Amino acid sequence: MSTYMITLKNCAFFARHGVHAEENRLGQRFFVDAELEVEAGDVLTSDRVEDTVDYGVAFTLIEEIVTGSQRRLIETLAMDIAVALCQRFPQIGMAAITVRKPSAPIQGVLDYAEVRVVHRR
């Protein structure tokens, strides 16, 4: 069976995740990448959006999860996104989700903290 990859890169959301009370009170931006391995089925010849993962629906699902319930760890957030995408779109065989937290409360200079989880059906 053929597969193909769909990537949603650098999706940005404001949310309130973190271990520290200030992170939950103030909130911050989070950035999400979703790499989805999709079983092709008929989509590569049918040219029908109904046969694939609709990017807009996937983005909205990611947004609902990131901006919904608070989580302490971005590891948990990433896994929740991966599982939800696989449940919503049964043709996804693997979801690799990266969550970046640019304002991680770390004593030092860094661009961001990042976690990547891989979930296979």
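The paragraphs below set out a description of the structure included in this document. (Residues numbered from 1 in each chain as written. Predicted model: local features only at pLDDT ≥ 70, side-chain atom pairs only at ≥ 80, totals over all residues. Heavy atoms only, no water.)

### Side note on helix α3 (residues 55–67)
Right, so step 1: The end-to-end C-alpha distance of α3 is 18 Å, a good match for the 18 Å that 13 residues give at a rise of 1.5 Å each.
Right, so step 2: Regarding α3, the residues found buried are A58, L61, I62, I65 and V66. Along α3, the residues classed as buried sweep out an arc of 130 degrees about the axis, all on the same side.
Right, so step 3: On its buried face, α3 sits against β1 (3–15), β2 (28–39) and α4 (74–88).
Right, so step 4: Here α3 starts with a cap whose side-chain oxygen sits 2.9 Å from the backbone nitrogen of G56, and that cap is D54. (Helix = DSSP H or I, 4+ residues; strand = E, 2+ residues; numbered from the N terminus. Expected span 1.5 Å × (residues − 1). Buried < 20%, exposed > 50% of the residue type's maximum accessible area, 1.4 Å probe, protein only. Arc of directions from axis to C-beta. Contact = heavy atoms within 4.5 Å. Polar contact = N/O pair within 3.5 Å; in protein donor to acceptor, adjacent residues only side chain to side chain.)

### Comments concerning the sheet that holds strand β3 (residues 92–101)
Right, so step 1: The strand order across the open sheet built from four strands is β1-β2-β3-β4, with neighbouring strands paired in antiparallel fashion. Looking along the sheet, the strands with just one partner apiece sit at the ends: β1 and β4 (113–120). If you compare each strand with its neighbour and ignore which way they point, the axes differ by 15 degrees on average.
Right, so step 2: With respect to the sheet, α3 is in contact with β1 and β2, its orientation differing from that of β1 by roughly 40 degrees.
Right, so step 3: The sheet strands contacting α4 are β2, β3 and β4, and the helix crosses β3 at an angle near 150 degrees. (Pairing = 2+ DSSP bridges. Axes fitted to C-alpha atoms, helices over the stretch in contact; angles between N-to-C directions.)

### Some details on the layout of surface pockets
Right, so step 1: Empty space within the largest pocket amounts to approximately 170 Å³.
Right, so step 2: The wall of the largest pocket is formed by 13 residues, among which I74, K101, A104, P105 and A113 lie closest to the centre.
Right, so step 3: Those elements giving two or more residues to the lining of the largest pocket turn out to be α4 and β4.
Right, so step 4: Looking at side-chain class alone, the lining of the largest pocket contains eight nonpolar, one polar and four charged residues. (1 Å grid on protein atoms, 1.4 Å probe; cavity = no way out; pocket = protein on both sides within 12 Å on 5 of 7 lines; lining within 4 Å. Points joined across faces, edges and corners; volume = space filled by probe spheres on them. Nonpolar A, V, L, I, M, F, W, Y, C, P; charged D, E, K, R; others polar.)

### Overview of unusual backbone geometry
Right, so step 1: Backbone geometry places N10, a non-glycine residue, at a positive phi of 60 degrees.
Right, so step 2: Structurally, the position occupied by N10 is in strand β1.
Right, so step 3: A positive phi angle, near 60 degrees, is found at D47, a position not held by glycine.
Right, so step 4: Tracing the backbone through its elements, the reader meets D47 in the loop between α2 (43–46) and α3.

### Re the packing of aromatic side chains
Right, so step 1: Under the definition given, this model contains one aromatic pair.
Right, so step 2: A centroid spacing of 5.3 Å and a plane angle of 40 degrees characterise the contact between F13 and F59, whose relative ring orientation is tilted. Here F59 lies in helix α3 and F13 lies in strand β1, a separation of 46 residues in the sequence.
Right, so step 3: Assessed through its relative accessible area of 3%, F13 is described here as buried.
Right, so step 4: Overall, F59 belongs to the partly exposed group, its relative accessible area being 30%. (Phe/Tyr/Trp six-rings, centres within 6.5 Å; stacked < 30°, edge-to-face > 60°.)

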